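In case you want the letters, here they are:
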Amino acid sequence: MPDLATPLIAWYRESARDLPWRREGFGAWGVLVSELMLQQTPVARVVPHLEAWLERWPTPAALATDAPADAVRQWANLGYPRRALWLHRAAVEIRDRHAGIVPRDVDALLALTGIGDYTARAVAVFAYGDRHPVVDTNTRRVLARSVDGRSQPGPPSKRDLAAMEAILPADAEAAAIVNAAAMELGAVVCTARAPACDSCPIADRCAWRAAGYPDTGDERRRRARYEGSDRQARGAVLKVLRDAALHAVPLDDLIADWPDPRQRDRAIDSLIADGLAEAWGGMLRLPR
DNA sequence: GAGCCGTGGTT
DNA sequence: TAACCAAGGCT
């Protein structure tokens, strides 16, 4: 297999974006918060929210002291509000089980709420400098193209970690850069739709390019439309709860004009089931 | 493993 | 405009 690490490292040093969590000494808590926010939310929307979050809660213990409701409110419109809940739970777990220090061990990280294969290794590598493969959706696309000669990666699997491991240098610091560089390349050059192969540092050794850019994309399942969905109803309810000045809203007033009353009730029930809301004397509020 | 879970920008 | 997409994780 051609050497991908060397050109990736050189390219990353030259042209990586200057992002907050890449600053020297950003800290493991900052990295952890950033990674949670970046789960399915674009970088540009995360940056301002991240800075506000860390200003309010500079440590896991600080967040753990406040109520989940505060986390959900601060999360604002970042999307997937359960991540705010997960982050709060993780903060409590870090305070109670790790003396307030974000763990370094991958298995300990994996045991935290909301932290999976990607985020655990991202923290261990980018915050602590340990040597692990870090694989996100960008990396999977870069590897699918440059190594496998395919236009799109297959479904995520445990094999992804081995595929990334195969291109990592032995040195931990260099390996961390290659991990970051693969993600960065997928984010800004080797993009899903219109890859900028002309400015790609590994174009000369890319299997997909060598094969003539075959379209190997398997038909993906189309996602249900958002308009009129349960998700939209949940989002509307939660927005009302976040914005409520008195932090509780009479159930009867809650998106009372929603077109589908049964969907409205379903949204409220599911939010309660998820721990994102709680009934309180005929009212609904964020979790205390 | 498929389905589910928000939000807003881009094409 | 409707569809697609963006540093995943959980059930």
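About the thresholds
- Every chain's residues receive numbers from 1 upward, in the order its sequence appears when written.
- Think of it this way: whatever chain is written first is A, whatever ligand is written first is 1, and the rest follow in order.
- Totals for whole chains, interfaces and linings use every residue, but because this is a predicted model, local features are given only for residues with pLDDT of at least 70 and side-chain atom pairs only at 80 or more, for both listing and counting.
- Excluding hydrogens and water, the side-chain figures rest on all heavy atoms present in the structure.
- UniProt positions are given in the numbering used here, feature names are shortened, and annotations may be inferred rather than shown by experiment.
- Put simply, DSSP marks the helices as runs of H or I at least four residues long and the strands as runs of E at least two long, and each gets a number from the N terminus on.
- Burial status follows relative accessibility: with a 1.4 Å probe on protein chains alone, a residue under 20% of its type maximum counts as buried, one over 50% as exposed, and anything between as partly exposed.
- Each domain's extent is set by a domain assignment, obtained either automatically or from a database.
- In what follows, a contact means two residues having at least one pair of non-hydrogen atoms within 4.5 Å.
- By definition, the buried area sums, over both parts, the 1.4 Å-probe accessible area that each loses when the two are put together.
- Should a side-chain nitrogen of Lys or Arg be within 4 Å of a carboxyl oxygen of Asp or Glu, the pair is scored as a salt bridge.
- Stacked, edge-to-face and tilted labels apply to pairs of Phe, Tyr and Trp rings (six-membered ring for Trp) whose centres lie within 6.5 Å, assigned for plane angles under 30 degrees, over 60, and everything in between, in that order.
- The criterion for strand pairing is that DSSP finds at least two bridges linking the strands in question.
- If a single non-hydrogen atom of a residue is within 4 Å of a molecule or strand, that residue counts as near it.
- For this analysis, a polar contact is any N or O atom pair within 3.5 Å, provided that within protein one partner can donate a hydrogen and the other can accept it, and provided that sequence-adjacent residues contribute only side-chain to side-chain pairs.
- Each residue gets one label: Ala, Val, Leu, Ile, Met, Phe, Trp, Tyr, Cys and Pro are nonpolar, Asp, Glu, Lys and Arg are charged, and the others, such as Gly, are polar.

Where an unreviewed UniProt entry is consulted, chain A appears under the name Adenine DNA glycosylase, with the organism given as Microbacterium ulmi. Reading the Cofactor (unreviewed entry) entry of the UniProt record for chain A gives the comment "[4Fe-4S] cluster". Word for word, the UniProt comment on chain A under Catalytic activity (unreviewed entry) is "Hydrolyzes free adenine bases from 7,8-dihydro-8-oxoguanine:adenine mismatched double-stranded DNA, leaving an apurinic site."

Visitor: Sorry if this is basic, but what is going on with the overall build of chain A here?
Guide: Of the regular secondary structure elements, chain A holds 14 helices and three strands. Projected onto its principal axes, the C-alpha positions of chain A cover 65 × 45 × 30 Å. Buried residues in chain A amount to 47% of all 288 residues.

Visitor: Quick question: what am I supposed to make of the domain arrangement of chain A here?
Guide: How large an interface is tends to be reported as the accessible area lost when its parts come together. Taken domain by domain, chain A consists of domain 1 (1–218) and domain 2 (230–285). When each unit is reduced to the centre of its C-alpha atoms, the spacing between domain 1 and domain 2 is 33 Å. On the side of domain 2, eight residues touch domain 1, which itself brings nine residues to the contact. In this assembly, domain 1 packs against domain 2 so that about 740 Å² is buried in total across both faces, 55% of it on carbon and sulfur atoms. For domain 1, the biggest contributors to the area lost against domain 2 are Arg73, Arg82 and Leu85; these three give 54% of the whole. Along the contact surface separating domain 1 from domain 2 lie one salt bridge.

Visitor: What exactly am I supposed to notice about the packing of aromatic side chains here?
Guide: Pairs of aromatic rings are described using the distance from one ring centre to the other and the angle between the two planes. Going through the model one piece at a time under the given rule, you end up with three aromatic pairs. On the basis of an interplanar angle of 70° and a centroid distance of 4.7 Å, the ring pair of Trp53 and Trp57 is categorised as edge-to-face. For Trp53, a relative accessible area of 0% translates into the label buried. Judged by its relative accessible area of 1%, Trp57 is buried. Judged by centre distance (5.7 Å) and plane angle (85°), the rings of Trp53 and Trp75 are edge-to-face. Linking Trp53 in helix α3 (residues 43–56) with Trp75 in helix α5 (residues 68–75), this pair joins segments that are 22 residues apart in sequence. Pairwise contacts between aromatic rings join Trp53, Trp57 and Trp75 into one cluster.

Visitor: Any chance you could explain the sheet that holds strand β2 (residues 278–280) here in plain terms?
Guide: Two orientations exist for strands paired in a sheet by backbone hydrogen bonds: parallel and antiparallel. Spatially, three strands are ordered β1-β3-β2 in an open sheet, and the strand pairing comes out antiparallel. Only two strands of the sheet have a single neighbouring strand rather than two, namely β1 (249–250) and β2. Of the pairings in the sheet, the one linking β2 to strand β3 (residues 283–285) comprises three bridges and is antiparallel in character. Its bridge partner being in β3, Trp280 is matched across the sheet by Met283.

Visitor: What am I meant to see in the protein's contact with DNA strand B here?
Guide: By nearness alone, 17 residues border DNA strand B, and Tyr80, Pro81, Arg221, Arg231 and Arg234 come closest of all. By atom count, sugar and phosphate contribute 60% of the portion of DNA strand B lying within 4 Å of the protein. A distance of 3.2 Å separates a base nitrogen of DNA strand B from a polar backbone atom of Gln40. In the model, a base oxygen of DNA strand B is placed 3.2 Å from a nitrogen or oxygen of the Arg223 side chain. If you tally residues by element for the surface near DNA strand B, the top one is helix α13 (residues 230–243), at four residues. Of the residues assigned to the surface near DNA strand B, the class counts are four nonpolar, five polar and eight charged.

Visitor: Hey, could you run me through the pattern of salt bridges in this one?
Guide: Should their charged atoms come close, side chains of opposite charge can pair. Counting across every chain of the model gives 17 salt bridges. The salt bridge involving Arg121 is made with Asp117; its shortest N-O contact spans 3.3 Å. You can see Arg121 and its partner Asp117 sitting in helix α8 (residues 117–127), four residues apart, about one turn around the helix. The exposure class of Arg121 is buried, given its relative accessible area of 15%.

Visitor: Mind showing me how you'd approach unusual backbone geometry here?
Guide: Excluding glycine, residues mostly carry a negative phi; peptide bonds, for their part, are mostly trans. Positive phi, close to 55°, is recorded for Ala76, a residue that is not glycine. Mapped onto the elements, Ala76 comes out in the loop between α5 and α6 (82–97). A relative accessible area of 26% places Ala76 in the partly exposed class. Its identity as a non-glycine residue notwithstanding, Tyr213 has a phi of 55°, on the positive side. Mapping Tyr213 onto the fold places it in the loop between α12 (207–210) and α13. Looking at Tyr213, the relative accessible area reads 35%, which means it is partly exposed.

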